Amino acid sequence: MSVKNIKLSNGLEMPMLGYGTYDALNEAELVAAIRAAVDAGYRHFDCAYFYGNEHVVGKTLHEIIAESNGKLTRA
C-alpha cells in the first residue's frame, strides 16, 4: 500500500490515511485488526483516551514493533 504523507508544522511527515480505532472495544478483535492493518501497510493509527482502547492499541503496536526485529520503528 502506498499512502501519501503530509508534512506537519514540526517538519515531520505523517501518512494521510490512518486506521481508526473508535468504538473498537472487543480486545481480541482489535488486536487482530491492528495486526492485519500493520501487515497491510498502515503506519498511522487513530486512537484517543476517549475511545477507551488506547491501552490495547499501544500494547499491540509495542509488541508488533518488538517482533519486527528492527524492521519497524516508532517514529
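Above this text you will find the structure in question.
Bear in mind the structure is a predicted one, so any value in this text is a computation, not a measurement.

### Let's talk about the overall build of the protein
Then comes step 1: In terms of helices and strands, the protein carries 2 helices and 4 strands.
Then comes step 2: Its helices and strands in sequence order give the protein the pattern β-β-β-α-β-α, from N to C terminus.
Then comes step 3: Expected size for 75 residues packed as a compact globule is a radius of gyration near 11 Å; at 13 Å, the protein falls within 12% of this value.
Then comes step 4: Along the three orthogonal principal directions, the C-alpha set of the protein runs to about 35 × 30 × 20 Å.
Then comes step 5: When burial is assessed residue by residue, the protein has 21% of its 75 residues classed as buried.
Then comes step 6: At a minimum sequence separation of 6, the contacts of the protein that also span at least 24 residues come to 53%.

### Some points on the packing of helix H1 (residues 27–40) against helix H2 (residues 54–67)
Then comes step 1: In contact at an axis separation of 10 Å, H1 and H2 are set at 45 degrees when each is read in the N-to-C sense. Accordingly, the angle class assigned to the pair H1 and H2 is oblique. Considering only the axes of H1 and H2, their crossing is right-handed. Counted together, Glu27, Leu30, Val31, Ile34, Arg35 and Val38 of H1 and Val56, Val57, Thr60, Leu61, Glu63, Ile64 and Glu67 of H2 form the full contact between these two elements.
Then comes step 2: Partitioned by chemical class, the residues of the contact of H1 with H2 number 8 nonpolar, 1 polar and 4 charged.

### Some remarks on a nonpolar patch on the surface
Then comes step 1: On the surface, a nonpolar cluster with roughly 440 Å² of combined accessible area is contributed by Ile6, Leu8, Leu12, Met14 and Met16.
Then comes step 2: With respect to the helices and strands, leucine 12 occurs in the loop between strand E1 (5–7) and strand E2 (13–15).

What counts, and where the lines are drawn
Residues numbered from 1 in each chain as written. Predicted model: local features only at pLDDT ≥ 70, side-chain atom pairs only at ≥ 80, totals over all residues. Heavy atoms only, no water. Helix = DSSP H or I, 4+ residues; strand = E, 2+ residues; numbered from the N terminus. Rg over C-alpha atoms; globule rule 2.2 N^0.38 Å. Buried < 20%, exposed > 50% of the residue type's maximum accessible area, 1.4 Å probe, protein only. Contact = heavy atoms within 4.5 Å. Axes fitted to C-alpha atoms, helices over the stretch in contact; angles between N-to-C directions. Parallel < 35°, antiparallel > 145°, perpendicular 65-115°, else oblique. Left-handed = near helix turned anticlockwise from the far one by under 90°. Nonpolar A, V, L, I, M, F, W, Y, C, P; charged D, E, K, R; others polar. Patch = residues over 30% accessible without salt bridge, like charges linked within 9 Å, V, L, I, M, F, W, Y side chains within 5 Å. Areas by Shrake-Rupley, 256 points an atom, 1.4 Å probe, with all protein chains shown as cover. Salt bridge = Lys/Arg side-chain N within 4 Å of Asp/Glu carboxyl O.

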